[in-house]
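The chain contents come next:
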Amino acid sequence: MSVDKNDYAQAERALALLKKLGVKDTALVMHSEESTTCDVREGKVEALQQSASASLNVGIYIDGRYAAHSTNDLRPAELEAFLKRAVALTKQLQEDSFRTLPDPKLYANRPGNELQLADAAYHTRQMSERKASAFAMEAAARAAGKNVVVASAGTTDEILDTLRLTSNGFRDRQTTTSFHSYANVTMADGDKRPEDSAYASARVAGVLPAPDALGREAAARAQARIGAKKIKSGAYPVLVEARAAQTLFRHLLSALNGRALQQKRSFLDGKLETQAFSKMLTITDDPLLAHGLGSRRFDQDGISAKKTAVVDQGTLKSFYIDWYYGKKLGIAPTTGGPSNLVVEPGTEAFTTLEKKIDKGIIVTSFIGGNSNSLTGDFSLGLVGFYVEKGERKHPVSELNLSGNHTQFWKQLAALGNDPWMSSSIRTPSLLFEGAAVSGA
Amino acid sequence: MDRRDFLKVSVSATAAMAAAELMGMRAAYAGTMSSRFGLSDELLRKTLEAALSRGGDYADVYCQYKTFTNVSLEDDKVDRARTGVELGVGVRVTKGDSTGYAYSESLDEKALIKAAKIASEIANGSPTLAPKSLALEPVRRFYRDDTKYADLDVAKKIALVQSTNAQIKAKDANITKISLSYTDEESEILIVSSDGIVRRDFQPQTSLYSSVVAEKNGRRETGGYALASREGFGFYTQERVGRLVDETLRRTNLMFDATQLKGGEMPVVLGAGASGILLHEAIGHGMEADFNRKNASTYASRLNKPIAKPFVNVVDDGTIENARGALNVDDEGTPTERTLLVEDGVLRTYMHDRISAKHYGVKPTGSGRRESFRYPVLPRMRATYMLNGPHKREEIVKSVKHGIFCESFSNGQVNIGSGDFTFFVKTGYLIENGKLGQPIKDVNIIGNGPDVLAKITMVADDLVIDEGGWTCGKDGQGVPVSQGMPTALVSAITVGGKA
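Residues numbered from 1 in each chain as written. Chains lettered and ligands numbered in written order. Predicted model: local features only at pLDDT ≥ 70, side-chain atom pairs only at ≥ 80, totals over all residues. Heavy atoms only, no water.

## With respect to the overall build of chain A
Alright, step 1. The secondary structure content of chain A amounts to 9 helices and 17 strands.
Alright, step 2. Relative to the 2.2 N^0.38 estimate, which gives 22 Å for 440 residues, the radius of gyration of chain A is 24 Å and therefore close to what a compact globule would have.
Alright, step 3. In terms of overall dimensions, chain A has C-alpha extents of about 70 × 55 × 40 Å along its principal axes.
Alright, step 4. Burial statistics for chain A: of 440 residues in total, 59% are counted as buried.
Alright, step 5. Long-range pairs, those at least 24 residues apart, make up 71% of the contacts in chain A with a sequence separation of at least 6.
Alright, step 6. Counting every atom, chain A has about 16600 Å² of accessible surface; 51% of that belongs to carbon and sulfur. (Helix = DSSP H or I, 4+ residues; strand = E, 2+ residues; numbered from the N terminus. Rg over C-alpha atoms; globule rule 2.2 N^0.38 Å. Buried < 20%, exposed > 50% of the residue type's maximum accessible area, 1.4 Å probe, protein only. Contact = heavy atoms within 4.5 Å. Areas by Shrake-Rupley, 256 points an atom, 1.4 Å probe, with all protein chains shown as cover.)

Set out below in structure tokens:
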């Protein structure tokens with residue numbers, strides 16, 4: 001790791017320099033990161049990339065004024081000039097009495113290293129291992145049959161260190177690693193070239209699926225896309241694969257933060273402790289999961305991590321409130337943003353849910369679309385399959401799923417037992433009744 | 001890993017060359033940039049030598065110094081700012097279609113040679129000769145190289161934001177929340193290639209975004225507008241800022257009358273301007289040569305074939321003066337140009353970087369771009385738009401019995417292989433019996449690229465290049481782009497909506 005104990009010294013020097021410039025309240029964060037990517041295609045290495053970077057981020061609080069400044073030019077003379085400019089600029093802003101460093105009491109009782117956020121063996125990984133893994137994925141994908149036009153695969157791994165130091169006593173760091181494997185396959189289908197991918201992410205290399213399994217999955221998914229067509233517009237049951245369902249939770253998250261609430265941009269404003277969702281929906285924000293891709297010991301304010309109920313059997317229990325918007329709203333802060341969003345799974349397998357569909361749609365991925373966090377209106381392009389009497393009839397494309405989140409989540413009829421583990425959003429597959437699908 | 005490509009929102013092309021650069025076509029490179037990067041010719045040459053030490057075909061060194069300032073307003077106060085500095089050097093080595101890439105944030109010799117050695121490992125042979133000397137080549141300019149936002153007193157930027165806020169408040173009592181965000185950025189780049197050619201550029205960009213919440217009878221709606229350019233601070237004329245104020249209010253108030261329509265397949269009229277998002281998604285990404293050389297694009301088998309009506313012409317253009325998508329040189333040092341993608345309805349030219357140009361045996365089109373020194377080059381769009389056609393806006397709207405008119409957009413996406421693409425309409429209108437009717441909002445439109453291009457049945461003569469702040473994403477890299485469109489009709493496409 002390019003980051004070592006010297007970083008505290010570097011951050012402390014910056015803190016002392018700011019003090020000399022008359023800044024009493026400061027939050028410093030040093031990010032450092034190393035990353036390696038190996039992409040292969042057609043039996044050859046397509047791209048090799050390696051990087052190491054480090055930056056200093058400084059939050060300056062001066063006479064009720066606040067600004068955030070970042071630089072990766074850490075040469076002493078340049079850094080000093082940068083901080084001088086930063087202080088001068090901050091002084092010119094308008095006063096905002098809500099901008100203060102967090103109450104140090106919120107820093108207390110941070111969890112320890114039991115979260116296992118870094119793979120101790122990160123630096124022993126060899127380029128030859130990355131290549132072997134990528135080639136194995138790509139070969140397995142290519143072996144899938146004559147329809148394969150192009151198969152590519154790759155791995156990315158990274159180690160990220162965040163060191164946080166504040167003038168009111170916060171001093172800690174967390175180091176995380178992550179490993180990503182992906183395979184993409186494009187199939188021949190006349191002039192069209194339908195494609196799909198398989199991918200997985202984890203904090204430690206050892207738990208990733210076998211490369212050839214990912215390659216075969218990508219090929220099977222792409223093969224199944226051949227011959228896609230539209231269906232008639234109408235209200236259908238829609239079964240969303242776990243991997244795709246993350247999109248829907250991102251929409252919810254955009255309405256669940258303190259800024260959206262304070263700025264009157266949330267369709268969930270006023271819905272706390274009300275039945276805003278189907279009773280089947282229970283969501284917990286859990287930063288304490290070992291190896292969790294969203295796990296953390298402290299958040300962006302240094303607030304110590306704890307488990308929080310977000311939705312309990314359909315009742316909205318909590319928003320994500322950071323220190324600043326908490327003060328602005330006059331309510332206690334929770335935490336500034338999601339860690340691991342854990343959606344409580346159901347008991348039935350995806351295939352069981354699929355069998356229950358009389359005439360409906362399976363969504364394998366969303367494409368484009370957006371959601372209005374103020375009104376809850378959303379509209380999303382979808383890719384998937386048409387299902388009749390529990391059987392997949394043909395792949396579908398050029399369809400939109402539309403609705404309003406205040407209604408849509410009450411149509412949630414079942415959750416699968418298959419939580420998606422390659423993301424900080426751990427959702428199972430979701431079945432919605434009577435969803436509006438637009439097509440031909 | 002999601003590797004699909006997206007776009008979000010985040011004129012005439014004349015330009016003068018600076019006199020100094022007209023003199024002496026191959027002025028010796030005399031360390032012009034040394035004040036900023038402190039890199040001698042000798043060190044740059046040594047870095048190229050290390051990059052080619054295992055027999056790469058080509059190598060380049062990309063030096064960048066970027067600064068930005070953002071000031072934002074919330075609840076009537078400019079009470080937050082962000083500034084930043086990014087400095088680094090990227091070293092790239094290509095061997096056939098393969099790329100090795102590494103970067104350094106430190107400018108010392110040891111770090112540069114280390115990065116070069118890492119990048120060199122894409123090749124596995126005996127060394128290729130590095131250039132003996134370096135020569136600075138001139139570039140044609142489509143934006144000024146002396147716009148120094150950083151030297152401008154931040155008080156002026158704060159005053160612009162405050163004045164915009166005051167104008168919005170003065171004009172509409174229903175507005176309850178106003179968010180404004182002003183950003184400027186300047187990036188100084190130096191590209192040294194193993195051909196011995198050095199090119200430099202100074203790339204400024206600025207933007208002002210508005211987003212407001214209005215409340216009427218207990219109901220809330222939101223809307224906004226954006227202005228973006230490579231011009232200096234003088235870009236923010238009273239007229240432009242006034243348009244941002246008026247459009248923000250008009251679009252937001254429109255929402256109170258808007259409904260989600262009944263979805264399905266219908267004729268869609270694309271309003272002049274930001275509707276170019278359709279071109280960006282339906283054809284732009286699919287015409288980037290990297291997807292085609294990999295045979296992964298739906299356009300890979302369609303070059304020189306008719307794909308649209310003869311009055312359809314589509315260009316990707318780096319030469320629109322001061323446009324957000326304008327470039328003097330691309331990020332591998334190739335001078336920019338205006339590339340004809342579709343000529344009289346026939347698919348003509350892909351957008352090339354050096355790798356794909358070599359693959360196809362053609363000249364690069366100046367389309368090699370990267371987000372920063374941290375990323376390798378990819379073929380990318382600049383300003384993508386359709387040329388004027390033979391129809392009139394009025395006759396296009398009149399021709400539609402039941403359909404929609406699209407006015408403003410927030411984002412789009414495409415699957416390159418299948419050609420399926422989407423764009424999200426923020427505001428628009430129903431068209432009933434040839435007349436604009438009830439406003440509509442927040443609907444996604446989805447279609448297939450080649451299929452939709454063939455269904456563009458009318459194109460008007462009112463081309464507008466949108467002034468908004470669009471950012472295009474590909475392989476995790478965001479670059480500023482522009483887009484434009486004359487009013488046009490797509491005879492049938494799937495519009496999201498109620499069942």
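## As for the overall build of chain B
Alright, step 1. When you go through chain B residue by residue, the secondary structure sums to 11 helices and 23 strands.
Alright, step 2. Here the C-alpha atoms of chain B give a radius of gyration of 24 Å, agreeing with the 23 Å that 2.2 N^0.38 yields for 499 residues.
Alright, step 3. Once the C-alpha set of chain B is aligned to its principal axes, its extents read approximately 70 × 55 × 45 Å.
Alright, step 4. Burial analysis of chain B (499 residues in total) assigns 64% to the buried set.
Alright, step 5. About 16800 Å² of surface is accessible on chain B, with carbon and sulfur atoms providing 51% of the total.
Alright, step 6. One way to put it: in chain B the 64 positive side-chain charges average out to a point 2 Å from where the 64 negative ones average out. (Lys, Arg positive; Asp, Glu negative; His and termini not counted. Charge placed at Lys NZ, Arg CZ, Asp CG, Glu CD.)

## Looking at the confidence of the model for chain B
Residues and elements named next belong to chain B.
Alright, step 1. Summing up the model confidence of chain B, the mean pLDDT is 91 and the portion of residues at 70 or higher is 93%.
Alright, step 2. Overall, residues 1–5 carries pLDDT values under 50, and its contacts beyond four positions in sequence, including any with other chains, amount to 23 contacts.
Alright, step 3. The low-confidence segment residues 9–34 (pLDDT under 50) makes 53 contacts with residues lying over four places distant or belonging to another chain.
Alright, step 4. In the predicted complex, the global pTM is 0.94; the interface-specific ipTM is 0.95. (pLDDT = per-residue confidence, 0-100.)

## Structural notes on the nonpolar core
Alright, step 1. Membership of the largest hydrophobic core comes to 74 residues, with the highest contact counts inside it found for Leu28(A), Val185(A) and Leu39(B).
Alright, step 2. Every residue in contact with Leu28(A), bar those within four places of it in the chain, is listed here: Ala11(A), Ala14(A), Leu15(A), Leu18(A), Leu56(A), Asn57(A), Val58(A), Leu163(A), Arg164(A) and Leu165(A).
Alright, step 3. Of all hydrophobic cores here, the second largest spans 50 residues; its members include Leu279(B), Ala308(B), Leu341(B) and Ile416(B). (Core = buried A, V, L, I, M, F, W, Y, C linked by side-chain atoms within 4.5 Å.)

## A few points about the pattern of salt bridges
Residue and element names in this part refer to chain B.
Alright, step 1. This structure, assessed with the given rule, holds 69 salt bridges over all chains.
Alright, step 2. Notably, a salt bridge pairs arginine 382 with aspartate 316, separated by 2.8 Å at the nearest N-O pair. Pair noted here: arginine 382 is in the loop between strand 14 (378–379) and strand 15 (383–386) and aspartate 316 is in strand 10 (residues 314–317), with a separation of 66 residues, a long-range link. Pair check on accessibility: arginine 382 and aspartate 316 agree, each one buried. (Salt bridge = Lys/Arg side-chain N within 4 Å of Asp/Glu carboxyl O.)

## As for the packing of aromatic side chains
Residue and element names in this part refer to chain A.
Alright, step 1. By the definition in use, this model includes 20 aromatic pairs over all chains.
Alright, step 2. A ring pair is formed by tyrosine 107 and phenylalanine 170, whose centres lie 5.0 Å apart and whose planes are at 85°; its orientation type is edge-to-face. Here phenylalanine 170 lies in the loop between strand 4 (148–166) and strand 5 (171–187) and tyrosine 107 lies in the loop between helix 2 (76–91) and helix 3 (127–142), a separation of 63 residues in the sequence. Accessibility classification places tyrosine 107 together with phenylalanine 170 in one group, the buried group.
Alright, step 3. Connected via pairs of aromatic rings, a cluster forms that spans Phe249, Phe277, Phe378, Phe408, Trp409 and Phe432.
Alright, step 4. Its guanidinium or amino end placed over the ring of tyrosine 8, arginine 171 lies 4.1 Å from that ring's centre, counting from NZ or CZ. (Phe/Tyr/Trp six-rings, centres within 6.5 Å; stacked < 30°, edge-to-face > 60°. Lys NZ or Arg CZ within 6 Å of the ring centre and 35° of its normal.)

## Here's the deal with the side chain of Thr83(B)
Alright, step 1. Among the structural elements, Thr83(B) can be located in strand 3 (residues 77–95).
Alright, step 2. Not counting chain neighbours up to four residues away, the residues in contact with Thr83(B) comprise Ala68(A), His69(A), Ser70(A), Phe82(A), Leu89(A), Phe68(B) and Thr69(B).

## A short note on the interface of chain A and chain B
Alright, step 1. Counting residues at the interface gives 81 residues for chain A and 89 residues for chain B.
Alright, step 2. For the pairing of chain A and chain B, the buried interface totals around 6700 Å² over both sides, and the portion due to carbon and sulfur atoms is 44%.
Alright, step 3. Our count for the chain A to chain B interface comes out at 10 salt bridges.
Alright, step 4. Asp377(A) is the salt-bridge partner of Lys441(B), the closest N and O atoms lying 3.4 Å from each other.
Alright, step 5. At the junction of chain A and chain B, the tally comes to 55 residue pairs in polar contact (both at pLDDT 80 or more).
Alright, step 6. Per-element tally for the side of chain A that touches chain B: the top contributor is strand 2 (residues 44–62) of chain A, with 10 residues.
Alright, step 7. Looking at the side of chain A that touches chain B, its residues break down into 29 nonpolar, 31 polar and 21 charged.
Alright, step 8. Inspection of the sheet shows strand 2 of chain A paired to strand 4 (residues 98–104) of chain B by 4 bridges, in the parallel sense. Within strand 4 of chain B, the residue paired with Gln50(A) across the bridge is Ala102(B). (Buried area = accessible area lost by both parts, 1.4 Å probe. Polar contact = N/O pair within 3.5 Å; in protein donor to acceptor, adjacent residues only side chain to side chain. Nonpolar A, V, L, I, M, F, W, Y, C, P; charged D, E, K, R; others polar. Pairing = 2+ DSSP bridges.)

## Looking at the pairing of strand 9 (residues 264–270) of chain B
Residue and element names in this part refer to chain B.
Alright, step 1. By the criterion of burial, strand 9 is predominantly enclosed, with 5 of the 7 residues buried.
Alright, step 2. Here strand 9 pairs with strand 23 (residues 488–495) via 6 bridges, running antiparallel. Paired with methionine 266 across the bridge in strand 23 is isoleucine 493.
Alright, step 3. Summarising the sheet, strand 9 and strand 16 (residues 402–414) pair through 3 bridges and their orientation is parallel. Pairing of valine 268 across the sheet is with isoleucine 404, part of strand 16.

## Details of the pairing of strand 4 of chain A
Residue and element names in this part refer to chain A.
Alright, step 1. The buried fraction of strand 4 amounts to 16 of the 19 residues, a majority that puts the element mostly inside the structure.
Alright, step 2. Across 15 bridges, strand 1 (residues 25–41) lies against strand 4 in antiparallel orientation. The residue bridging serine 35 from the neighbouring strand is glutamate 158, located in strand 4.
Alright, step 3. Bridge count between strand 4 and strand 5: 17 bridges; the pairing is antiparallel. Bridge pairing in strand 5 links serine 152 to asparagine 184.
Alright, step 4. As consecutive antiparallel partners, strand 4 and strand 5 are separated by 4 residues, and within that stretch glycine 169 has a phi angle of approximately 105°, a positive value.

## Some remarks on the side chain of Ser408(B)
Residues and elements named next belong to chain B.
Alright, step 1. When you line up the elements, serine 408 lands in strand 16.
Alright, step 2. Judged by its relative accessible area of 5%, serine 408 is buried.
Alright, step 3. Here the side chain of serine 408 touches threonine 427 through a polar contact of 2.6 Å, side chain to side chain.
Alright, step 4. Apart from residues no more than four positions distant in its own chain, serine 408 is found in contact with Arg251, Phe424, Val425, Lys426 and Thr427.

## Looking at helix 7 (residues 277–284) of chain B
Alright, step 1. Burial runs high along helix 7 of chain B: 8 of the 8 residues are buried.
Alright, step 2. Where helix 7 of chain B is concerned, the buried positions are Ile277(B), Leu278(B), Leu279(B), His280(B), Glu281(B), Ala282(B), Ile283(B) and Gly284(B).

## Considering unusual backbone geometry
All names here are of chain A.
Alright, step 1. Even without being a glycine, lysine 264 presents a positive backbone phi close to 60°.
Alright, step 2. Positive phi is not limited to glycine here, since glutamate 398 has a value of about 55°.
Alright, step 3. Its place among the elements puts glutamate 398 in strand 14 (residues 391–404).

## Comments concerning the environment of Tyr122(A)
Residue and element names in this part refer to chain A.
Alright, step 1. Topologically, tyrosine 122 is positioned in the loop between helix 2 and helix 3.
Alright, step 2. For tyrosine 122, a relative accessible area of 5% corresponds to the buried category.
Alright, step 3. Along the chain, tyrosine 122 and aspartate 157 lie 35 residues apart, while their C-alpha atoms are 8.6 Å from each other.
Alright, step 4. Beyond its immediate sequence surroundings of up to four residues, tyrosine 122 is in contact with Glu34, Ser35, Asp157, Glu158, Ile159, Thr177 and Phe179.

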